[in-house]
Amino acid sequence: MLILGIDTSCDDTSASVVEDGAKIVSNIVSSQTGVHKKYGGVVPELASRKHIEMIWPVVDEALKTARAGFKDLSGIAVCNGPGLIGSLLIGCSFAKAVCYSTGTSLIAVNHLEGHIVSSFLEEPCPDFPFIAMIVSGGHTCLYRVDGFGKYKELGRTRDDAAGEAYDKVSKLLGLGYPGGPLIDKLAQKGNPKAIDFPRAYLPESLDFSFSGLKTAVLNFVRTEAHRLHPPVTGGGSGDVFLQSQLINDIAASFQASVLDVLVRKTVWAMKKERIKRITLSGGVAANSELRKRMEKMAEEIDAEVFIPSAALCTDNAAMIAAAGYHHLQAGNIAGLDLNPVAYLIL
Ligand code: KG4
Ligand code: ZN
């Protein structure tokens, strides 16, 4: 059974054909990084316009690569939220139009469910139940998953998402966008113990908070950095001029603070739910140090950990098609009056 998945929730236009909810036949992602780079973040209006431009070519390429046409599809799964409303509208309108004209079943998929189901696109797949951590540019949350469609939220960020913190810290250091991969790289050359940034553990809670950390990095850069390491003429390009080793140390120390909290909260969630199985997904799950630390932690407490390859951690439509397959099996077909919802809850 072939499902076409479509995701236009943020700044990537993606289409994918997945067979029986597990086998990726094609997965095309057109990134808009070049459009948003100079603004240091996603500009919603520009994102919508680019989606309009790219949706047809991307769907076309996904079908061609899969050697399939609309007539071969059992359904079209589209992400209808959460995300940027203007971006979501493009994918939803496109999917509805194709379903209307071809009579194909329309399936609505929550973006967060897509990230959870991405762990089923590669072997080995997790058994139920498991704890799912989603860490991306828009979300940082923990779920208990008892089956497809059976999700219980255990905690979420109260302010910034982890990826958002990476992007904002990168911007204030003048590194560029998206910040996650850049900080990941610099942190490998820095000392994670160089600066003692705060960790918001929020005792007794599985919620997260990263805005205080972002402010602490900003304060450090504005004050301490100048005193500890006098600026070097011509170095850096952000608010201030910083020596490159100091930037590496800030990146490593900031990252250590984020990862300490993510790893510890995952352990808390496993203890609370008495489940020794976790999945990690979302863009930040592509982080090399987070992957290592989650694996090490799992080994220490004899738990199983499942982390998709980096391309399936960041936004992609294969995860939407895979989740769509399970909705179709359960008879969850959407009406052609489907509307996107920016703050859709899972
Ligand atoms: O899942 P995703 O592609 O889009 C959302 O649904 O938000 O996640 C994008 C986020 C961005 O904030 C980006 O900086 C972050 O994931 N990211 C990373 C890495 N690669 C992407 N963060 C840390 N380390 C990485 N290697
Ligand atoms: Zn995402």
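These lines cover the structure that appears in this document, whether it is placed above or below. Here the structure is a predicted model, which is why all the values come from computation and not from measurement.

Looking at the sheet that holds strand E8 (residues 150-156)
What the five strands build is an open sheet, ordered E8-E7-E6-E9-E10; its pairing is mixed. Each edge of the sheet is formed by a strand with only one pairing partner; in this case those strands are E8 and strand E10 (304-306). In this sheet, neighbouring strand axes are inclined to one another by 25° on average, regardless of whether the strands run parallel or antiparallel. Of the pairings in the sheet, the one linking strand E6 (residues 130-135) to strand E9 (residues 277-281) comprises four bridges and is parallel in character. Counterpart to isoleucine 131 in the pairing with E9 is isoleucine 278.

A look at the packing of helix H6 (residues 179-187) against helix H9 (residues 244-273)
Two elements in contact, H6 and H9, have axes separated by 8 Å at closest approach and are oriented at 110°. Relative to H9, the element H6 is oriented roughly perpendicular. Between H6, through Ile183, Asp184, Leu186 and Ala187, and H9, the contact on the second element is made entirely by Ile247, Asn248, Ala251, Ala252, Phe254 and Gln255. For the contact of H6 with H9, the class distribution of residues is seven nonpolar, two polar and one charged.

Side note on the site of ligand 1
Neighbouring ligand 1 are 20 residues; Gly137, Asp167, Asp184, Asn287 and Asp315 lie closest to it. Backbone polar atom of glycine 163 to an oxygen atom of ligand 1: 3.2 Å apart, as the coordinates give it. For ligand 1, whose unbound accessible area comes to 550 Å², protein coverage reaches 89%. Counting only elements with at least two residues in the shell around ligand 1, the list comes to helix H4 (111-117), helix H5 (162-172) and H6. The element best represented in the shell around ligand 1 is H6, accounting for four residues. Each of domain 1 (2-117 + 315-329) and domain 2 (123-307) accounts for three or more of the residues forming the shell around ligand 1.

Here's the deal with the pattern of salt bridges
Applying the stated rule across the entire model yields 20 salt bridges. A salt bridge links lysine 214 to aspartate 160; its shortest N-O distance comes to 2.9 Å. Of the two residues, lysine 214 is situated in helix H7 (residues 211-222) and aspartate 160 in the loop between E8 and H5; the sequence distance between them amounts to 54 residues. Judged by relative accessible area, which is 19%, lysine 214 ranks as buried. Here aspartate 260 and arginine 293 are joined by a salt bridge, their closest N and O atoms 2.6 Å apart. Here arginine 293 lies in helix H10 (residues 288-300) and aspartate 260 lies in helix H9, a separation of 33 residues in the sequence. On the basis of relative accessible area, arginine 293 is assigned to the partly exposed category, the value being 25%.

Rules used in this analysis
- Residues numbered from 1 in each chain as written.
- Chains lettered and ligands numbered in written order.
- Predicted model: local features only at pLDDT ≥ 70, side-chain atom pairs only at ≥ 80, totals over all residues.
- Heavy atoms only, no water.
- Pairing = 2+ DSSP bridges.
- Helix = DSSP H or I, 4+ residues; strand = E, 2+ residues; numbered from the N terminus.
- Axes fitted to C-alpha atoms, helices over the stretch in contact; angles between N-to-C directions.
- Parallel < 35°, antiparallel > 145°, perpendicular 65-115°, else oblique.
- Contact = heavy atoms within 4.5 Å.
- Nonpolar A, V, L, I, M, F, W, Y, C, P; charged D, E, K, R; others polar.
- Near = heavy atom within 4 Å.
- Polar contact = N/O pair within 3.5 Å; in protein donor to acceptor, adjacent residues only side chain to side chain.
- Areas by Shrake-Rupley, 256 points an atom, 1.4 Å probe, with all protein chains shown as cover.
- Domains from an automatic or database assignment.
- Salt bridge = Lys/Arg side-chain N within 4 Å of Asp/Glu carboxyl O.
- Buried < 20%, exposed > 50% of the residue type's maximum accessible area, 1.4 Å probe, protein only.

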